[in-house]
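Structure assessment
Okay, here's what each chain looks like letter by letter:
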Amino acid sequence: MNNLMLCLNLSRWFSTLLILSSSMLSLMAVAQPKVCALYPHLKDSYWLSVNYGMVDEARKQHLELKVLEAGGYPSQLKQEQQIKDCIAWGAQAILLGTVSPDGYHNDLSQLTGDVPVFAIVNELILDDDQRAHLKGGVGVDWYWMGYYAGDYLARLHPTGSGLTPIALLPGPEQRGGTKPMVQGFYDAIGHSDIRIAITLWADNDKELQRNLVQQAIEQPRIQYIVGSAVAIEAAISELRNANKQHQIQLVSTYLSHGVYRGLLRERVAFAPSDKMVEQGRLSIRQAAHYLRGEAYERHAAPEIAKLTPETLDEQIIAESLSPSEFRPTFEVKVVE
């Protein structure tokens, strides 16, 4: 009889253990959510650095990550299909670097259903009904990225110092952070002797921007080229080829690896950094905390750093740029 009771007790104990093990596995599955991130492109190292921050943080958070990139700011339809692909993959949250601020103004939920969305870098403008689907965002106001670039020039060339013509190459017109960046730049130079002699628009593609730089340096009396990092990277080599590196100075509206090297070599005079690596980390943390029912900051933004060849800081660069050996990574698997 005692042996029979012992066997029954052991059987109950093993059954309880199996139930507990099953529950623990279920909890682990919940604690390791699937997140999908969408970028406008990976044509320059800005989004590569965001990618590094996301990938590194996803591994720390034990989070499964899938990354898709649309190929450029004109690719609205492609990004919409990628959102559908994320849903089909089973994403429990979407980190959306939109190709257009108002591209999903009144129909985001038609693509995402009830899957929560977090904006990354680029502003996502939604109507009242769609705003409920937006659970957070990471990114600085690009007005200030443009303002700080303009303020740098305005301080060097105040009113009365002599008219200073510049070429402005902001990137894609009305896309990404271009519109607020340009407005900030205009406001900063409003009471100075900086004059925009020519403005040239194009997507942040290396060859497109190289063509614009070639046009800009043919303009008479241009003293500065102000533009996207892609434009400034192209301008470094084009000015050298034209033997005009001492006639025209370069100001970037954001940081990249090439712009950083330009700052180190004093080929670039100024660039603001919105700390892209840190933004990637913050976005992953937002999604992870939300999906795990933990408190989180709904809007997070690093402090913009103003960089010149004299003010480079190792910590700021680490928070801004991916390591040189890092390559685009499109998938992070949870490793037990």
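Everything numeric here is computed off the predicted structure, so don't read it as measured data.

1. Some remarks on the state of the cysteines
Under the criterion given, the structure shown has 1 disulfide. Across a sulfur-sulfur distance of 2.0 Å, Cys 36 and Cys 86 are joined as a disulfide pair. Every disulfide takes its handedness from the sign of the S-S torsion; for Cys 36 and Cys 86 that torsion is -60°, giving left-handed. One end of the pair, Cys 36, is in strand 1 (residues 34-39); the other, Cys 86, is in helix 3 (residues 76-89), and 50 residues separate them in sequence.

2. Overview of the sheet that holds strand 5 (residues 134-138)
The sheet built from 7 strands is open, its strands ordered 11-5-4-3-1-2-13 with mixed pairing. The sheet terminates laterally at strand 11 (299-300) and strand 13 (331-332), the two strands that pair on one side only. In this structure, strand 4 (residues 117-120) lies alongside strand 5, joined through 4 bridges in parallel fashion. The residue of strand 5 that forms the bridge with Val 117 is Leu 134. Strands in contact with helix 3 are strand 1, strand 2 (64-69) and strand 3 (93-96); relative to strand 1, the strand with the most contacts, it is inclined by about 170°. Contacts between helix 11 (residues 276-291) and the sheet are confined to strand 1, strand 2, strand 3, strand 4, strand 5 and strand 11, with strand 5 contributing the most and set at about 155° to the helix.

3. Digging into the environment of Glu 69
Here Glu 69 shows up in strand 2. Take Glu 69: its relative accessible area is 25%, and that puts it in the partly exposed class. Separated by 30 residues in the primary sequence, Glu 69 and Val 99 have C-alpha atoms spaced 9.9 Å apart. Not counting residues within four places of it along the chain, the set of residues in contact with Glu 69 comprises Tyr 39, Pro 40, His 41, Leu 42, Lys 78, Gln 82 and Phe 330.

4. So, the packing of helix 9 (residues 229-241) against helix 10 (residues 257-264)
Helix-helix packing is characterised by the crossing angle of the two axes and by the distance between the axes. At a minimum axis separation of 8 Å, helix 9 and helix 10 run at an interaxial angle of 50°. In this view, helix 9 runs oblique relative to helix 10, as classed from their interaxial angle. Note that helix 9 runs across helix 10; the crossing there is left-handed. Only His 257, Gly 258, Val 259 and Gly 262 of helix 10 make contact with helix 9, whose side of the interface consists of Ala 229, Ile 232, Glu 233 and Ile 236. Taken together, the residues of the contact of helix 9 with helix 10 break down into 4 nonpolar, 3 polar and 1 charged.

Conventions and cut-offs
Residues numbered from 1 in each chain as written. Predicted model: local features only at pLDDT ≥ 70, side-chain atom pairs only at ≥ 80, totals over all residues. Heavy atoms only, no water. Disulfide = S-S within 2.5 Å. Helix = DSSP H or I, 4+ residues; strand = E, 2+ residues; numbered from the N terminus. Pairing = 2+ DSSP bridges. Contact = heavy atoms within 4.5 Å. Axes fitted to C-alpha atoms, helices over the stretch in contact; angles between N-to-C directions. Buried < 20%, exposed > 50% of the residue type's maximum accessible area, 1.4 Å probe, protein only. Parallel < 35°, antiparallel > 145°, perpendicular 65-115°, else oblique. Left-handed = near helix turned anticlockwise from the far one by under 90°. Nonpolar A, V, L, I, M, F, W, Y, C, P; charged D, E, K, R; others polar.

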